[in-house]
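Results of the structural survey
For reference, the chains in residue letters:
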Amino acid sequence: METGKPYIIRCTNCHAKNRILKEKVNEKPVCGKCHKPLNMAGIFIGKPVEVSDATFETEVLHSQIPVLTFFWAPWCSACQGVLPIMNRIASGLRGRIKVAKINIDKNPSTTSHFQVMSVPLMIIFDNGKEKEDMTGAVSELDILKKLASYY
Ligand SMILES: [Zn+2]
C-alpha cells in the first residue's frame with residue numbers, strides 16, 4: 001500500500017493540513033500556516049496504539065492524522081478476529097492513518113461518551129470529529145474503502 005503520495009499532517013497548533021513530501025518527512029517540517037514545527041510524534045509507529053480514558057483526547061481527538069479507533073473487549077471473540085486486520089491497516093497505512101485500540105472494560109468514560117453498545121466497533125475520527133462508525137464483522141476491504149477518503 002506504500003505510495004508516493006505526500007503525507008497529510010495536521011498541525012496540532014492551528015489544525016491546518018500540511019502536505020509533506022515523503023523525502024521531507026525527516027527534515028523537521030514546519031506548518032505552512034502558523035510556521036510552528038509540526039509534531040511528528042507517533043505518526044510512523046506502524047502498529048495499533050493502546051489508548052485509555054486518560055490518553056484518548058491526545059491520541060485520538062488531537063491526532064495529526066485521521067484515526068481508526070477500535071473499541072474492543074477481552075471477552076469478545078469477534079474482536080480477536082478483527083485484531084489482525086487492525087495490525088495490517090496500521091502497518092500498511094503507516095504515516096497516513098493511526099490505528100488506536102481501546103479496551104471498553106477498562107475505559108468506562110470514553111465508552112459511555114461514545115455510547116458504545118456492542119463490540120467490535122470502529123470509529124474513524126478526523127480533526128477531533130467522529131466521521132464514520134462500523135460495527136460487527138466488517139471486512140478489511142470495507143474498512144480500507146472507508147478510510148481511503150481520509151488520507
Ligand atoms: Zn499550524
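I will try to describe carefully the structure that is included in this document. (Residues numbered from 1 in each chain as written. Predicted model: local features only at pLDDT ≥ 70, side-chain atom pairs only at ≥ 80, totals over all residues.)

1. Examining the pairing of strand β6 (residues 121–126)
Here is the rule: Put plainly, a residue is buried at 20 or more neighbouring C-beta atoms within 10 Å of its own, exposed at 12 or fewer, and partly exposed in between, counting only other residues' C-beta atoms, which are placed from the backbone. Runs of H or I in DSSP of at least four residues are treated as helices and runs of E of at least two as strands, each being numbered from the N terminus. A strand pair is defined by DSSP finding two or more bridges across the two strands.
Across the six residues that make up β6, a large majority, five, are buried. With five bridges joining them, strand β4 (residues 67–72) and β6 adopt antiparallel strand pairing. For V67, the partnering residue across the bridge sits in β6 and is F125. Judged from the six bridges that link them, β6 and strand β7 (residues 129–135) form a sheet pairing that is antiparallel. When the bridges of β7 are listed, F125 appears paired with E130.

2. Considering the nonpolar core
Stated formally: In these notes, a nonpolar core means any group of buried Ala, Val, Leu, Ile, Met, Phe, Trp, Tyr and Cys residues linked to one another through C-beta atoms within 7 Å. Residue ranges assigned to the domains are those given by an automatic or database domain assignment. A pair of residues counts as a contact when their C-beta atoms, built from backbone coordinates, are separated by no more than 7 Å.
Counting 34 residues, the largest nonpolar core has L68, F70, F71, M86, I89, V99 and A100 as its most contacted members. Secondary-structure elements contributing two or more residues to this core are β1 (7–10), α1 (56–61), β4, α2 (77–92), β5 (98–103) and β6. Top element by residues in this core is α2. It accounts for six residues. Looking at which domains feed residues into this core, each of domain 1 (1–40) and domain 2 (49–150) supplies at least three. With sequence-adjacent residues up to four places away left out, F71 is seen in contact with I102, I104, V116, V119, P120 and L121.

3. A short note on the sheet that holds β6
Put simply, the test is: To get an axis, a line is fitted to the C-alpha atoms, and for a helix only the part in contact is used. The angle between two axes follows their N-to-C directions and goes from 0 to 180 degrees.
If you walk across this open sheet you meet the five strands as β3-β5-β4-β6-β7, and the pairing is mixed. For this open sheet the edge positions go to β3 (49–51) and β7, each flanked by a neighbour on one side alone. Mean inter-strand twist for the sheet, computed between neighbouring axes without regard to direction, equals 25 degrees. Bridge analysis of β3 against β5 gives three bridges, and the strand direction is parallel. In the strand pairing of β5, V51 is matched with I102.

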